[in-house]
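A structural walkthrough
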Amino acid sequence: MKSRIIAVVLCVFLVAFSFVYGALKGWQQDAASVESTYSSLQGQLDTRVETAANILIVASRHLPADAPEVIALRSARDVLASPAPLEEKEQANESMTLSAEQVLAALTLCDTVQGDPRDKMYVDSMLPQMLRESAAYTAKSAYNTAAQDFNTRYRQNPISAFIAAQFGIHPFELFGQVQ
C-alpha cells in the first residue's frame, strides 16, 4: 500500500513538473522570438536618428543653434540614439516628429533657404518625405506585432503565465500606439 502511494505521488509530481517545465520552455521561446524583432524596431529608430541629423545639418546653415525647436530636435535625436528604455524612446520619437516639423516649418520661412536651391529642395520635399516615411515604418514595427501577440497569449493563459512570471517572463511593453 505504501509503495502505491509513493508511486501516485511520484506520478503527480512528474506530471506537475512536466507541465511547469513545458510552460516555461514555451514562454522562453516565445519571449526570445519577440526580443529578436526588437532589432527591427531599433533599425527603424536608427533611421529616425539619421533623418533628424539630416534636418539638423540643414538647420545649422539657416537657423540659430539655440532655437527651441532645434534644441528639442537635437535632444530627441540623442535619446533615440541612446540605450534609453523603450518608454523614453517612445516619448523622444513623438517629440522628434513634432520638433522636426517645427524646424522644417521654420526653414521654409527662411529667406536663406529660399535662396539656396539645394536646401530648398531638401526642405520642401526630401526631408519631409524622409520624416513621414520613417514615422510610418516605426509605427508599423514588427516588434509591436510580435509583442502584442505575445501579450494576448499571456493574458489568455493565466496558469502558465503565472509560472512564466515566477521565472521573470512578463508581457512586453509596446512602442507607441499599435495600428
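Up top is the structure.
These lines cover the structure that appears in this document, whether it is placed above or below. (Residues numbered from 1 in each chain as written. Predicted model: local features only at pLDDT ≥ 70, side-chain atom pairs only at ≥ 80, totals over all residues. Heavy atoms only, no water.)

Points about the environment of Ser 95
Within the secondary structure layout, Ser 95 lies in helix H3 (residues 86-109). Exposure remark for Ser 95: the relative accessible area of 30% places this residue in the partly exposed category. In contact with Ser 95, not counting residues within four places along its chain, are Ala 72 and Ala 76. (Helix = DSSP H or I, 4+ residues; strand = E, 2+ residues; numbered from the N terminus. Buried < 20%, exposed > 50% of the residue type's maximum accessible area, 1.4 Å probe, protein only. Contact = heavy atoms within 4.5 Å.)

Quick look at the pattern of salt bridges
Side chains that differ in charge, positive against negative, can pair when their charged atoms come close. Inspection of every chain in the model, using the stated rule, returns five salt bridges. Where Asp 78 meets Arg 77, a salt bridge forms, and the shortest distance between an N and an O atom there is 2.9 Å. Linking Asp 119 and Arg 118 is a salt bridge whose minimum nitrogen-to-oxygen distance equals 3.7 Å. Connected through shared salt-bridge partners, Arg 61, Arg 118 and Asp 119 make up one network. (Salt bridge = Lys/Arg side-chain N within 4 Å of Asp/Glu carboxyl O.)

As for the packing of helix H1 (residues 2-62) against helix H5 (residues 117-139)
Relative placement of two packed helices is described by the angle separating their axes and the distance separating the axes. Following both chains from N to C, one finds H1 and H5 inclined at 160 degrees, their axes separated by 10 Å at the closest point. For the element pair H1 / H5, the angle class is roughly antiparallel. Pair H1 / H5 crosses with left-handed handedness. Note on element contacts: H5 touches H1 through Arg 118, Asp 119, Tyr 122, Val 123, Leu 127, Met 130, Leu 131, Ser 134, Ala 135, Tyr 137 and Thr 138, opposite Leu 41, Gln 44, Leu 45, Thr 47, Arg 48, Thr 51, Asn 54, Ile 55, Val 58, Arg 61 and His 62. By residue class, the composition of the contact of H1 with H5 is 11 nonpolar, seven polar and four charged. (Axes fitted to C-alpha atoms, helices over the stretch in contact; angles between N-to-C directions. Parallel < 35°, antiparallel > 145°, perpendicular 65-115°, else oblique. Left-handed = near helix turned anticlockwise from the far one by under 90°. Nonpolar A, V, L, I, M, F, W, Y, C, P; charged D, E, K, R; others polar.)

Observations regarding the nonpolar core
As a rule of thumb, soluble globular proteins bury nonpolar side chains together. Counting 43 residues, the largest nonpolar core has Trp 27, Leu 63, Leu 73, Val 103, Leu 107 and Phe 150 as the members making the most contacts within it. Among the secondary structure elements, those contributing two or more residues to this core are H1, helix H2 (68-81), H3, H5, helix H6 (142-156) and helix H7 (158-166). Those residues in contact with Leu 73, other than ones at most four positions away along the chain, are Ala 52, Ile 55, Leu 56, Met 96, Ser 99, Ala 100 and Val 103. (Core = buried A, V, L, I, M, F, W, Y, C linked by side-chain atoms within 4.5 Å.)

Considering the packing of H2 against H3
Contact pair H2 / H3: the axes reach a minimum separation of 8 Å and the direction vectors enclose 145 degrees. With respect to the hand of their crossing, H2 and H3 are arranged in left-handed fashion. On H3, the residues that touch Glu 69, Val 70, Ala 72, Leu 73, Ala 76, Val 79 and Leu 80 of H2 are Glu 88, Lys 89, Ala 92, Asn 93, Ser 95, Met 96, Ser 99, Ala 100, Gln 102, Val 103 and Ala 106. Here the residues of the contact of H2 with H3 are counted per class, giving 11 nonpolar, four polar and three charged.

Structural notes on the packing of aromatic side chains
This structure, assessed with the given rule, holds seven aromatic pairs. For the pair Phe 13 and Phe 17, a centre-to-centre distance of 6.3 Å together with 20 degrees between the ring planes defines the contact as stacked. With a gap of four residues between them, Phe 13 and Phe 17 both fall in helix H1, about one helical turn apart. Where Tyr 38 meets Tyr 143, the ring centres are 5.7 Å apart and the plane angle is 85 degrees; that geometry is what we call edge-to-face. Of this pair, Tyr 38 sits in helix H1 while Tyr 143 sits in helix H6, and the two are 105 residues apart along the sequence. On the basis of relative accessible area, Tyr 38 is assigned to the partly exposed category, the value being 27%. The structure contains a cluster of three or more aromatic residues connected by ring pairs, namely Trp 27, Phe 150, Tyr 154 and Phe 172. (Phe/Tyr/Trp six-rings, centres within 6.5 Å; stacked < 30°, edge-to-face > 60°.)

With respect to the environment of Ser 75
Secondary-structure assignment places Ser 75 in helix H2. Take Ser 75: its relative accessible area is 41%, and that puts it in the partly exposed class. For the pair Ser 75 and Glu 101, spaced 26 residues apart in the sequence, the C-alpha separation amounts to 15 Å.

Here we look at the side chain of Thr 37
Tracing the backbone shows Thr 37 in helix H1. On the accessibility criterion, Thr 37 (18% relative accessible area) is buried. When near neighbours in sequence (up to four residues on either side) are disregarded, Thr 37 contacts Ala 142, Tyr 143 and Ala 146.

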